[in-house]
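Secondary and tertiary structure notes
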Amino acid sequence: MTTAAPDHSTADVLPAPWSLPAEEVLAAVAGSPDGLTGRDAEERVARDGRNELPEPPQESVWRRLLSQYADILIYILIGAAVLKALTQDWVDFAVIVVVIVATGLIGFIQEGRAASALAGLRRMQSLDAQVRRDGDWGVVDAASLVVGDVVRVRGGDRVPADVRLLTSAQLQVDESALTGESVAANKSSEANEADAGIGDRTSMLFSGTIVTAGNGEGVVVATGSGTEIGRISALVTEQDAIDTPLARQLAHLGTQLSVLIGVLAVVMLLVGRFVHGLGVDELISAAIGFAVAAVPEGLPALVTITLALGVQQMARHRAITRRMEAVETLGSTTTICSDKTGTLTQNEMTARTVVTAAGTYDVEGTGYDPVGRVATAEGTTATLDAHPDLAALVLAVTLCNDARVEQTEDGWRVVGQPTEGALDVLAAKAGVDTAGTARVGAVPFDSAHKFAATLDDVRARRVVHAVGAPDRLLDRSGTELAPDGGVRPLDRAAWDERIDALSALGLRVLAATVRPADGVHEIHLDDLDDGLTFLGVVGIVDPPRPEATAAIAEAHAAGIRVKMITGDHRGTATAIARELGIAPEHGKVRALTGADLQAMGDEELREVVRDVDVFARTSPEHKLRIVRALQFHGEVVAMTGDGVNDAPSITRADVGVAMGIKGTEATKEAADIVLADDNFATIERAVEEGRRIYDNIRKAVVFLLPTNGAQSLVILVAVLAGLALPLSPVQILWINLATAITLSLTLAGEPAEPGIMARPPRSPGEQVLSSRAIAVVLIASVVLGAATLVVYLLERARTGDYAEAQTSAVMMLALGQLAFLLNCRLLSTSAFTTRVLTGNPSLWVSAGALLGLQLVFTYAPFMNAWFGSTPIGLHSWLLTAGIAVLVFLVIEAAKAVLRATRPGPGRSSAPSGGAG
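Residues numbered from 1 in each chain as written. Predicted model: local features only at pLDDT ≥ 70, side-chain atom pairs only at ≥ 80, totals over all residues. Heavy atoms only, no water.

Helix and strand content of the protein: 33 helices and 27 strands. Looking at the protein as a whole, 56% of its 916 residues are labelled buried. By sequence separation, contacts in the protein at least 24 residues apart represent 72% of the contacts at least 6 residues apart. With the model as given, the accessible surface of the protein reaches about 35600 Å², and the carbon-plus-sulfur share is 58%. (Helix = DSSP H or I, 4+ residues; strand = E, 2+ residues; numbered from the N terminus. Buried < 20%, exposed > 50% of the residue type's maximum accessible area, 1.4 Å probe, protein only. Contact = heavy atoms within 4.5 Å. Areas by Shrake-Rupley, 256 points an atom, 1.4 Å probe, with all protein chains shown as cover.)

Given below as C-alpha cells:
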C-alpha cells in the first residue's frame, strides 16, 4: 500500500521555486549540488512518503452492485416481495426477486465507467531516475526520490518528479500532455516571473513529461501528490459524478408514478375493505397485484438495452463508449468544449508557407505524411531548378536538421523535434537532393541563442547553415538572397513585416540563413555573430484536422456551441479557431487567457463564459472553472481532450471524450467515450446517435407505460367492483417482461428520423413525456385495460374456468401491445401506411419472439404450474386477435383527433417514429 504524502508540495517547501535563483532553491530544500546523503534520503522518505500518487479509496463490489437498485420503482417491487414472503407465497416471491436481481445485474454488468483516472496518472510517472547521493551518481527507483534530491535527465527520459533546474544544455521537454502546447518547451536554469503559468515556467521540469533533447540537472522540489500531476490527480478525485439528463428525467418520472401508485393503492384498499368487506389476505394480494401491475419494471432493462445497442452502433463508428449513458447524454449536449492540440488539430507540425525575397510559396498536404507539393502563388508546382531561392532555403533547413520522418504500421511519425520534422517533410515535398553533401560540424540549438547551425560540405563547397528564430538570425545577417539568386543588402523592415503577417495567422516562424565557409574546419557560436545571408522564413503550424471543420459546422447547424480551450498561445488559438469555423473569419475575436481567468471571480466568469469561444494558456483549474460556469447556466457540456491537463475537466463534464491514439492513459480512463480514430467528426456522429437513442427511449416509454396502466386499471376496477382478480401478480410480471424484452426492443432499433441534426438540442428541463405523449399513454391504457377486462369477463362467463379466463386476459394484453407497437412506430402521423410494417426488420423478429413466449406460457406444463396459466382453444385466440385489431383502430382514431386539435410536434413533442 502506498504511503500517503502529507507534505510533498512545492508550496509547502517554498513558494514559486521557478522564480527564485537556483542557489536559494537548494538552500530552501536543505539540499546541495553534491546531492543528499543516503541517510537523509531515507529519513525524508519516512517523513514525507514515497514519490507515488496515493491509492484512491475503492468502492466495494457490493456497494457498486447495491447502487444499481437505488431506484424508487425497485423499492416498490422490493416491498411487494417482502409482503409475499410474509404471506408465504414463495412462488410469487421468487419471481419478483428474480426480476429485481436481473434488473440490477444488467446495469452492473454493462456499467463501463472506470473507477478513476488515477491508474493512468500513476503509469505516467517515471520508473527509475538518475540521482546524486553521497556525491556519486546512481540509478534508483523513482518512487524513492525525495525533496532535495539532485537528479539529471537527458533525451528520452521521463521526468521523475517536479524539478527546479540547476544547469541545462539544449534542454527541450515535451509538455503537451500537461500544458496542451504542441511544440516542445525550451528549458533553462534562468528564473521566471512568480506569476508565470505552467507553460511559461522554463526553469521547471514536471513529473511525467518527456525530455526530447539535451540534458540537465536539477533539484527535486515536489514529489508524489505534491507534483503537478499529483495536483491534477486531486482535481480528478474531487469531481462529483453528474447525473445524466436522462437519469434525471427517468427519476422524475419514477417519482411521479410512485406517488400515483401510492394514492390509487390506498383508495383501492379502502374501497375493498369498507365497501366489499375483503379480508386481509385478499387485500394484500390485490395491493401487491396493483403495485406490480403499475410498476414498469421492464423500463430499467429497456433503457439499458437501448443504450447498449447504441454503444454497439457507436463502436462501428470507431467510438468506444465506457459508460452507456454517455451516448444519450452526448445527444442532449448544448456545448462542446474541445482541447486544440491533438483533438481539433493533428498534433503533427506542418510547414504551410515558405517566404523568400522572390515571393511566397504554399506547401500542400498536412501532417508528417510527405505527400504534397510546393506551389507558387499562381498555383503551379515550384521546382527547385526554376526557383533557386526556394532551393537554397530548402537545402538549408534539410542539412541543419537532426529529425526525420518514417513510416510505421500506425502511419508516419517523426523521430526528433516536431518542428524539425516539419522541415524534413518540406524537403521531401520540394524534392531536395542531398547527394554530395556531408556535415562537418554543428552548433546545437540552445534556448539562449535560439538557433542551430551546421558546417556542411555541399558539392565541393563548404558553407554554414543556420536555422532558428527569425529575430536572432536577422540580427546576424547583413545580406539577403535576391530573386535572381544573387546577394543584396538585407531589407530588415520588409522581413519584419512578412514575419508579423505570418505570426498573425497563428504560424510559428523559423528562418534560414547561409554563409560561405571555405577553408573552415570547425564551427563555434562566436563565429556566427554576423555575415549571414538571410534566405527566408518557413511558417509552421499544427494543422486543423480536415474533418473537424465540417464536424464543427454540423454541430453549429444542430444548435451546439463549440468552444476551444487550449494551453497554447492566444494568437495561435485564435487563428486556428477562425480556420475551423469556431470563431468568425473576420472581425475581432474575444479570447480569454489563463491570466484573464485568474483575475476573474466565478460570478464574472459566469457572465461571459457563454459569449467566449476561445480560451488560451489555460491550466487544468481554468478548464474546470469554464466547465462549471457553463453548467451553472444549465448547459449540457461535453469536454474533449487528450492530455493529462484535460483529465479533471473531462471527469467534471456531463460527458467526457478522449482521443484513443494520442490521448494519455489518464485522459482515456477519465473519459466516458474514447475515440479510437482520434477523429473529432466522430463526436458529431455520436451526437446524432445520442439523439436517436433518446427518441427511441421516448417512444419505448410511451409504448411500455400503457401496459402497466392497463393492468393497473384491470386490478383497480376488479377490486372496486368486487370481482376476482383477472390477473395475478406473477402473470403481470410475466407479460411486462415478455413485452419489454421483445416488442420494446423493436423501438430501440428504430432508425434516426429525417432532420434529426437540424433541430436544436432539447432543453435539459424537458421531460421524457410531452403532453401529447401523456394523452396517448392515458388513452392506450384505458383501451388496453378495457379490452383485457372484456376478454376476461367473456371467457369467464363462457368457460367458467378462472385459469382459462386469466390466460386469455394475458394473451389479450400481449396481442394488444403488439397492435399498439404499430401505433407507436409512427406516433405523430397516421399508421395506415405500409411504412408501419417496413424499415425495421426487428419488428417481425420481436413479434415472433413474443408469440413464441406466449405459446410457452400457455401450453408448457411447467409454466402452467409457475404462473397459474392453462391451455386455451381456438375461440380464445380468435377473440383476442379480433379485439387487438380493434385496439389498433381505436388508438389510430384517437391519434387523429390529437393531431387535429394540437399543434404539430416541436422540440418538446414526442418524436415521430421514423419507420422507413
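What follows is about unusual backbone geometry. At alanine 30, a position not held by glycine, the phi torsion is positive, near 55 degrees. For alanine 30, the location among the structural elements is in the loop between helix H2 (22-28) and helix H3 (38-48). Phi is positive for lysine 450, close to 65 degrees, though the residue is something other than glycine. With respect to the element layout, lysine 450 can be found in the loop between strand E15 (437-443) and strand E16 (451-458).

The next point concerns the environment of arginine 201. The residue arginine 201 is located in the loop between strand E5 (185-186) and strand E6 (204-205) in this model. Residues within four places of arginine 201 in sequence aside, it is in contact with Trp18, Lys187, Asn192, Ala196, Phe206 and Glu228.

All right, on to empty space enclosed by the protein then. Taken as a whole, this structure holds one cavity of 30 Å³ or more when the rule is applied. Counted as a void, the largest cavity has a volume near 40 Å³. If you list the elements that add at least two residues to the lining of the largest cavity, you get helix H29 (771-799) and helix H33 (874-901). With three residues, H33 is the largest single contributor of residues to the lining of the largest cavity. Looking at side-chain class alone, the lining of the largest cavity contains three nonpolar, one polar and three charged residues. (1 Å grid on protein atoms, 1.4 Å probe; cavity = no way out; pocket = protein on both sides within 12 Å on 5 of 7 lines; lining within 4 Å. Points joined across faces, edges and corners; volume = space filled by probe spheres on them. Nonpolar A, V, L, I, M, F, W, Y, C, P; charged D, E, K, R; others polar.)

A word on the packing of helix H30 (residues 802-825) against H33. One can describe the packing of H30 onto H33 by two numbers: an axis separation of 8 Å at closest approach and a directional angle of 35 degrees. Once H30 is placed against H33, the crossing between them reads as right-handed. Between H30, through Glu804, Ser808, Met811, Met812, Leu815, Gly816, Ala819, Phe820, Leu822 and Asn823, and H33, the contact on the second element is made entirely by Ser876, Trp877, Thr880, Ala881, Ile883, Ala884, Val887, Phe888, Ile891, Glu892 and Lys895. When grouped by side-chain class, the residues that make up the contact of H30 with H33 number 13 nonpolar, five polar and three charged. (Axes fitted to C-alpha atoms, helices over the stretch in contact; angles between N-to-C directions. Left-handed = near helix turned anticlockwise from the far one by under 90°.)

Right, let's talk about the pattern of salt bridges for a bit. What the rule picks out here adds up to 37 salt bridges. Two residues, arginine 47 and aspartate 48, come together in a salt bridge whose shortest N-O distance is 2.9 Å. For arginine 47, a relative accessible area of 55% puts it in the exposed group. Exposure remark for aspartate 48: the relative accessible area of 9% places this residue in the buried category. Because the salt bridges share partners, they merge into one network encompassing Arg201, Glu228, Arg231 and Glu621. (Salt bridge = Lys/Arg side-chain N within 4 Å of Asp/Glu carboxyl O.)

A separate point is the confidence of the model for the protein. Averaged over every residue, the pLDDT of the protein is 83; residues scoring 70 or more account for 88%. In this model, residues 110-126 is a region of pLDDT below 50 whose contacts with residues beyond four sequence positions or in other chains number 54 contacts. Confidence over residues 904-916 falls short of pLDDT 50; this stretch has 50 contacts with residues more than four positions distant or in other chains. (pLDDT = per-residue confidence, 0-100.)

The grouping of Phe832, Val885, Leu886, Leu889 and Val890 at the surface amounts to a nonpolar patch, some 460 Å² of accessible area in total. Looking at the element boundaries, leucine 886 is found in helix H33. (Patch = residues over 30% accessible without salt bridge, like charges linked within 9 Å, V, L, I, M, F, W, Y side chains within 5 Å.)

Along strand E26 (residues 655-659), five of the five residues are buried, which leaves the element largely enclosed by surrounding structure. Neither face of E26 is exposed, since Val655, Val657 and Met659 on one face and Gly656 and Ala658 on the opposite face are all buried. For strand E25 (residues 637-641) and E26, the ladder comprises four bridges, and the chain directions are parallel. Within E26, the residue paired with threonine 640 across the bridge is valine 657. In this structure, E26 lies alongside strand E27 (residues 673-675), joined through three bridges in parallel fashion. Opposite valine 657, over in E27, you have isoleucine 673 as the bridge partner. For the segment spanning E26, helix H25 (residues 665-670) and E27, crossover handedness is right-handed. (Pairing = 2+ DSSP bridges. Right-handed = clockwise from strand over helix to strand, strands pointing away.)

The subject of this paragraph is helix H19 (residues 546-557). Buried within H19 we find Ala548, Ala551, Ile552 and Ala555. In a view along the axis of H19, the buried residues occupy a sector of 105 degrees, so they form one face of it. H19 presents Pro546 and Ala557 as exposed residues on the side facing more than 90 degrees away from its buried surface. Where H19 is buried, its residues meet helix H14 (340-344), strand E22 (561-565), helix H20 (570-580) and helix H26 (681-721). (Arc of directions from axis to C-beta.)

This paragraph deals with the side chain of threonine 807. If you trace the backbone, threonine 807 turns up in helix H30. Those residues in contact with threonine 807 that lie beyond four places of it in its chain are Phe857, Thr858, Ser869, Thr870 and Ile872.

Looking now at the pairing of strand E2 (residues 136-141). On a regular strand, one side chain projects to one face of the sheet and the next to the other, so that they alternate. In this sheet, E2 lies alongside strand E1 (residues 128-133) in antiparallel orientation, the contact comprising six bridges. Each residue of the ladder has a partner; that of aspartate 128, found in E2, is aspartate 141. In this antiparallel pair of consecutive strands, E1 and E2, the connection spans two residues, and aspartate 134 shows a positive phi of 55 degrees.

Moving on, we come to the packing of aromatic side chains. Centre-to-centre distance and the angle between the planes together describe a pair of aromatic rings. Going through the model one piece at a time under the given rule, you end up with seven aromatic pairs. With centroids separated by 5.5 Å and ring planes inclined at 10 degrees, the aromatic side chains of tryptophan 734 and phenylalanine 857 adopt a geometry described as stacked. Remark: phenylalanine 857 occurs in helix H31 (residues 842-859) and tryptophan 734 occurs in helix H27 (residues 729-741); sequence separation between them is 123 residues. Between phenylalanine 857 and phenylalanine 867, the ring centres sit 5.9 Å apart and the planes meet at 55 degrees, which makes this aromatic pair tilted. One end of the pair, phenylalanine 857, is in helix H31; the other, phenylalanine 867, is in helix H32 (residues 861-867), with 10 residues separating them in the sequence. Accessibility assignment for this pair places phenylalanine 857 and phenylalanine 867 in one class, buried. The structure contains a cluster of three or more aromatic residues connected by ring pairs, namely Trp734, Phe857 and Phe867. Stacked on the ring of tryptophan 495, the Lys or Arg arginine 498 has its end atom at 4.3 Å from the ring centre. (Phe/Tyr/Trp six-rings, centres within 6.5 Å; stacked < 30°, edge-to-face > 60°. Lys NZ or Arg CZ within 6 Å of the ring centre and 35° of its normal.)

It is worth spelling out the sheet that holds strand E9 (residues 335-338) at this point. Within the open sheet, the eight strands sit side by side as E8-E27-E26-E25-E9-E22-E24-E23. Their pairing is mixed. Each having just a single partner strand, strand E8 (319-321) and strand E23 (591-593) make up the two edges of the open sheet. Averaged over neighbouring strand pairs, the angle between their axes works out to 20 degrees when direction is ignored. One ladder, built from three bridges, connects E8 with E27; its direction is antiparallel. Within the sheet, the bridge partner assigned to isoleucine 320 lies in E27 and is valine 674.

Listing the buried residues of H20 in full gives Ala573, Thr574, Ala575, Ile576, Ala577 and Leu580. Glycine 581 sits one or two positions beyond H20 and adopts a positive phi of about 90 degrees.

A cluster of like negative charges, contributed by Glu522, Asp526, Asp527, Asp529 and Asp530, occupies part of the molecular surface. Summarising the element assignment, aspartate 527 is placed in the loop between strand E20 (508-516) and strand E21 (532-541). (Lys, Arg positive; Asp, Glu negative; His and termini not counted. Charge placed at Lys NZ, Arg CZ, Asp CG, Glu CD.)

For the rest of this paragraph, the subject is the nonpolar core. With 138 residues, the main nonpolar core has Val537 and Phe680 as its most contacted residues. A total of 17 residues in this core trace back to one element, the largest contributor, which is H26. Beyond its immediate chain neighbours, meaning those up to four positions away, phenylalanine 680 contacts Ile336, Ser338, Thr343, Leu344, Arg545, Glu547, Ala548, Ala551, Ile552 and Val562. By size, the runner-up hydrophobic cluster in this structure holds 42 residues, among which are Phe206, Cys337, Met639 and Ala670. (Core = buried A, V, L, I, M, F, W, Y, C linked by side-chain atoms within 4.5 Å.)

Inspection of the secondary structure assignment puts alanine 748 in helix H28 (residues 743-748). The spatial distance from the C-alpha of alanine 748 to the C-alpha of tyrosine 694 is 9.4 Å, given a sequence separation of 54 residues.

Quick look at the packing of H26 against H29 now. Interhelical geometry of H26 versus H29 gives an angle of 45 degrees and a closest axis separation of 7 Å. Comparing the axis directions of H26 and H29 gives the class oblique. Handedness of the crossing formed by H26 with H29: right-handed. Contacts between H26 and H29 involve Val702, Leu705, Pro706, Gly709, Ala710, Leu713, Val714 and Val717 from the first element and Ala773, Val776, Val777, Ala780, Ser781, Val782, Leu784, Gly785, Thr788 and Leu789 from the second. (Parallel < 35°, antiparallel > 145°, perpendicular 65-115°, else oblique.)

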